[in-house]
Amino acid sequence: MAEKLIGRKIKPSRTPISFKMSSLSELVSELAIHSEKRQYKEAYEKAKRIIDLGHPLDLDTLKLGLVASINLDQYHNAGRLISKSKDHIVYDGMKEFLLLIGYVYYKNGDSKNFETLLKDSAFQGRAFEHLKAQYYYKIGENEKALKIYRELSKNPLDEVVDLSVNERAVISQLLELDGVVEQPVSRPIDDSYDCKFNDALYQVKIGDYESALDLLEEAKAICEENTKDLPLDTREAEIVPILLQIAYVKQLKGKKEESLTALRSLSKPKDSLLDLIYRNNLLSLRIDEYGRNDTNFHILYRELGFPNSIDINKDKLTVSQRVALTRNESLLALELGKIPSQSDLKLFYDATSEFLDLNTKLEASMIYNYFMRRPGQQEVPNALLTAQLAINVGNINNARTVLETVVSNDEKNLLEPSIVVSLYLIYDKLQSGRLQVELLKKVADLLLESEISSTQQRKFFKDIAFKTLNHDAVLANRLFEKLHSIYPNDELVSTYLNSSSNASNNNTTTTNFSELDDLVLGIDTDKLISEGFDTFESSKRPTTIISSTNKKRRTRLKPKHEAKEKYKRLDEERWLPLKDRSYYRPKKGKKIRNTTQGTVTSNTSEISGLKKTLPKKSSKKKGRK
C-alpha cells in the first residue's frame, strides 16, 4: 500500500548577507552581542520582546532577528517578525533586505507574498534569480526553473558545480512529473556526489536501474571521502539520501531482501524529512514481507506519524514527494475508517479509487464530510465529484447540499453548465418545480450580464432561454434578443423571434402585402371578376359540393327475433311458493300437497298427500330419436 519515495538534492544558493550595526538602546546592543556569539535563540527572543512591548523595530534590528530565526530553522518565527513589523518599516528598493524577506517566504511556502515580492522592481540580480528558480522548483513549475538555470549557466562565474547539480535536479523532476525529456547543457562534475546523485535519478526514471546503481555507488564513495573530516551530523545529512536511494533502486529491481537489509543497516536519521522517507520505505517493504492480511494498519499509521509528519515537513517536500506521502496517508486513513487530513479531494479520490469501492455509503459519506468541513476544497471539480458519489449511493439531498454550497460561495458558478444541469436534474428528482424556476431565473439574469465567448456557452445560453420560455416569456425574449444580437445567423433563434413578433402584431391594422403581390403577379384580376369561377372548373372531374349540414347517425336495425327477456316482467307473486301462486296448474297424475309456509294441516290431508300414484315403467328400451 505504501508508495516509495525518492530523495532529490538541490543545492541552495549561498549568498552572504552583511549587516551593518546601528546605534540602539542597551537592549539592542545586547541583541547584537548575542547574535555575534551565535546565541540565536536569545537574539530572536529579544527581538520578539521589543515588538511585543510595542516598540518599533528598525531595519537592522529586524535583520538580526531574522538571521537568528533562520539559523535556528525557525522560519515561521521569522515570518511572524516580518508580519508584525511590515507596517512600521519601509524597505522598498533595498535589495539586501528583499532577498532575506524572499528567502523566508520561500521557506515558509508563502506563495502569495512571494509572488507579490517578485513584482518589486528591486527584486533583480543573480541571487534573486537563484531564489526564483528554487521557488519554481519547489512548487512544480520546473520549466521556469530550468530556463533560469540555463540562463545563469551561460555565465556561470564561480557557480559551475551548483548550476550543474541544480539543472540535473530540475530535469529529473521535469521527467517524473511532466514526462518531458530534457538533456542537461551544463557539463557533469566528476568529483561532485550531488551531481552523480541527480544523474542517477534521471536513469531511474527512464528505467535504467543498473546505470543508476553504478552512479549511486560512485556518489557514495565520493561522499564518504569528502565528508570524512566533517562532524557526524553533517556526514549523515550528506550520505543518508544516497543510501536511501540505493535501497529504493534495489527495491525497484525486485531485490527486496537486499533493499530491506540496506535500510535496516541504517541508523534512524535525525533529520525529520529523511526519517519520514526512511520509515515510509522500510514499512512498505515490511508489508511486502508479511503480507497485507498480517499488517496492523493502526500501528503502521502511528509509526509513520501521520498526519503530523507531513505537516511538519511540507516546506521541505518536493511536489512528487508530497503527492506520494499524501496518497499513502489517504489510503491508510480510509483503511482505518478515518477522514484523510492532508490530501486535496481530487488526489484523495484518485488514490483511494484504485483500492476501495467508493460506491458504498460509508466512503461516499466520508468524502461528503471531508468536502463540507474544508472550505478551501469547495471548488467546482471537487463539488461535482462529491455530488456524483452521493448520487451513486442514492443520497440526493447530500448532492443538492454540495452543489448549492458551491453556488453560495460564488454565484458565478451558475455559469458552469455542469453545475446548473446537475442542480436542475436534482430538483426534478426531488419534484421541486419552484426551485427549478428560481434556478433558471438566477442563471438567466447572470447570462444577460455576461459575455458569450465559446460555442459551449452559446449552446448553454440557448438551452436556458428555451427552458425559461415555459415560465417567463418576457425574460426568455430578452435572452433570445441578446443571443440574436451576437449570433444573428442562428436559424432557430431567428425563427422564434419572427414568430413572436408576428404574434404580437396580430391586433394591428397595418399589414405587409409584399409577399401577396408576388403571388398574384401576372394575373388579370378584371377578367377574373367578369368571367366568374366557371372558367376554372374542370370538365373531366365534376366538383362536389359538400353539405354543411350535420350527418344523421346511422340507426340500428331491429333484430328479426326480439330477445325473450324483453317480454319478461317481474312476477308480483315471486315471493310465494310455486304451489300457492294463482296461475299454478299441477300436472296430471300428481296431487296437490299443501306445504304452505306457516299453515297447519290435518293428519288426513298429510296422509292423502303422501299417497302417490306412480306410473308403471315400460320394459321396452326407448330408442334414440
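Here the residue numbers are simple positions, counted from 1 along each chain's written sequence. Side-chain atom pairs in this predicted model are given and counted only at pLDDT of 80 or more, local residue features only at pLDDT of at least 70, and totals for whole chains, interfaces and linings cover all residues. With hydrogens and water set aside, each side-chain value is computed from the structure's full complement of heavy atoms.

Per an unreviewed UniProt entry, the protein chain is named Signal recognition particle subunit SRP72, and its organism is Komagataella phaffii. UniProt positions are given in the numbering used here, feature names are shortened, and annotations may be inferred rather than shown by experiment. In UniProt, the protein chain has this text filed under Function (unreviewed entry): "Component of the signal recognition particle (SRP) complex, a ribonucleoprotein complex that mediates the cotranslational targeting of secretory and membrane proteins to the endoplasmic reticulum (ER)." In the Sequence similarities (unreviewed entry) part of its UniProt record, the protein chain is described as follows: "Belongs to the SRP72 family."

### Regarding the packing of aromatic side chains
The rule is short: rings of Phe, Tyr and Trp, with Trp giving its six-membered ring, pair when the centres are within 6.5 Å, and they are stacked under 30 degrees, edge-to-face over 60, tilted in between. Inspection of the entire model under this criterion finds 6 aromatic pairs. Aromatic side chains Tyr 135 and Tyr 136 sit 5.6 Å apart centroid to centroid with 55 degrees between the ring planes, which places their arrangement in the tilted category. Take Tyr 136: its relative accessible area is 13%, and that puts it in the buried class. Ring pairing ties together the aromatic residues Tyr 75, Tyr 103 and Tyr 106, which thus form one cluster. Whether a charge sits over a ring depends on NZ of Lys or CZ of Arg being within 6 Å of the ring centre and within 35 degrees of the ring normal. One residue, Lys 138, lies across the ring of Tyr 106, its end atom 5.2 Å from the ring centre. Under the scheme applied here, a residue whose accessible area is under 20% of the maximum for its type counts as buried, over 50% as exposed, and between as partly exposed, the area being computed with a 1.4 Å probe on protein chains only.

### Observations concerning the pattern of salt bridges
For this document, the term salt bridge refers to a Lys or Arg side-chain nitrogen within 4 Å of an Asp or Glu carboxyl oxygen. One pass over the structure, following the stated rule, counts 17 salt bridges. Arg 279 is the partner of Asp 275 in a salt bridge, and the nearest nitrogen-oxygen pair spans 3.1 Å. You can see Asp 275 and its partner Arg 279 sitting in helix α14 (residues 272–290), 4 residues apart, about one turn around the helix. Among the residues examined, Asp 275 registers a relative accessible area of 9% and is labelled buried. A salt bridge links Asp 463 to Lys 459, with the nearest nitrogen and oxygen atoms 3.4 Å apart. One end of the pair, Asp 463, and the other, Lys 459, are both in helix α24 (residues 455–469), 4 residues apart, so they sit about a helical turn from each other. The exposure class of Asp 463 is partly exposed, given its relative accessible area of 37%. Several salt bridges share partner residues, and in doing so they unite Arg 150, Glu 167 and Glu 182 into one network. Helix and strand labels come from DSSP, where a helix needs a run of H or I of at least four residues and a strand needs a run of E of at least two; each type is numbered from the N terminus.

### A closer look at the side chain of Ser 309
Checked against the element boundaries, Ser 309 lands in helix α16 (residues 308–313). Judged by its relative accessible area of 7%, Ser 309 is buried. At 2.9 Å, the side chain of Ser 309 and the backbone oxygen of Leu 304 are in polar contact. Every residue pair with non-hydrogen atoms within 4.5 Å of one another is taken to be in contact. Sequence-distant contacts of Ser 309, defined by excluding residues within four places in its chain, comprise Leu 276, Arg 279 and Leu 304. The term polar contact refers here to a pair of N or O atoms within 3.5 Å; inside protein, the definition further demands a hydrogen-donor-capable atom paired with an acceptor-capable atom, and it admits residues adjacent in sequence only when both atoms are side-chain atoms.

### Quick notes on the nonpolar core
The definition of a nonpolar core used throughout is a set of buried Ala, Val, Leu, Ile, Met, Phe, Trp, Tyr and Cys residues joined through side-chain atoms within 4.5 Å. In terms of nonpolar packing, the biggest core is built from 45 residues, with Leu 66, Ile 101, Phe 114 and Phe 123 touching the most fellow members. Of all the elements in the fold, those that place two or more residues in this core are α2 (40–52), α3 (59–71), α4 (75–85), α5 (95–108), α6 (111–118), α7 (126–139), α8 (142–153) and α9 (160–178). By residue number, the principal contributor to this core is α5, which donates 8 residues. Excluding its chain neighbours within four sequence positions, the residues that come into contact with Phe 123 are Leu 98, Phe 114, Leu 117, Leu 118, Phe 128, Leu 131 and Lys 132. In terms of nonpolar packing, the next biggest core, distinct from the first, is built from 42 residues, Leu 215, Leu 283, Leu 304 and Leu 325 among them.

### Section: the packing of α5 against α7
Relative to each other, α5 and α7 sit at 10 degrees, their axes nearing to 11 Å. Taken together, the axis directions place α5 and α7 in an arrangement best described as roughly parallel. Packed against α5, whose contacting residues are Lys 95, Leu 98, Leu 99, Gly 102, Tyr 103, Tyr 106 and Lys 107, the element α7 presents Ala 127, Phe 128, Leu 131, Gln 134, Tyr 135 and Lys 138 at the interface. Across the contact of α5 with α7, the residue classes break down as 8 nonpolar, 2 polar and 3 charged. Every axis corresponds to a line fitted to the C-alpha atoms, with the helix fit spanning only the stretch in contact, and the corresponding angles, defined between N-to-C directions, vary from 0 to 180 degrees. Each angle gets one of four labels, with under 35 degrees taken as roughly parallel, over 145 as roughly antiparallel, 65 to 115 as roughly perpendicular, and the rest as oblique. Charged means Asp, Glu, Lys or Arg here, nonpolar means Ala, Val, Leu, Ile, Met, Phe, Trp, Tyr, Cys or Pro, and polar covers whatever is left, Gly included.

### Quick notes on α5
Each residue after the first adds 1.5 Å to the expected span of a helix. An ideal rise of 1.5 Å per residue puts 20 Å on 14 residues; α5 measures up with 20 Å between its terminal C-alpha atoms. Summarising burial for α5: 10 of the 14 residues are buried, a large majority. Regarding α5, the residues found buried are Phe 97, Leu 98, Leu 99, Leu 100, Ile 101, Gly 102, Val 104, Tyr 105, Tyr 106 and Asn 108. The secondary structure elements touched by the buried residues of α5 are α3, α4, α6 and α7. Following α5 by one or two positions, Gly 109 adopts a phi angle in the positive range, close to 70 degrees.

### A closer look at unusual backbone geometry
Of the consecutive residues Phe 306 and Pro 307, the connecting peptide bond is found in the cis state with omega at -5 degrees. Its place among the elements puts Pro 307 in the loop between α15 (297–303) and α16. One non-glycine residue, Leu 157, lies in the positive phi region at around 55 degrees. Residue placement: Leu 157 occurs in the loop between α8 and α9. Judged by relative accessible area, Leu 157 falls into the exposed class, the value being 54%. For Gln 431, which is not glycine, the phi torsion reads 60 degrees and is therefore positive. With respect to the helices, strands and loops of the structure, Gln 431 is situated in the loop between α22 (417–429) and α23 (433–449). You can call Gln 431 exposed: its relative accessible area is 75%.

### Observations concerning the packing of helix α20 (residues 380–392) against helix α21 (residues 396–409)
For the pair α20 and α21, interaxial distance at closest approach is 7 Å and the crossing angle is 170 degrees. On the basis of their axis angle, the class for α20 and α21 is roughly antiparallel. Between α20, through Val 380, Ala 383, Leu 384, Thr 386, Ala 387, Ala 390 and Ile 391, and α21, the contact on the second element is made entirely by Ile 396, Asn 398, Ala 399, Val 402, Leu 403 and Val 406. Each residue belonging to the contact of α20 with α21 can be placed in one class, and the counts come to 11 nonpolar, 2 polar and no charged.

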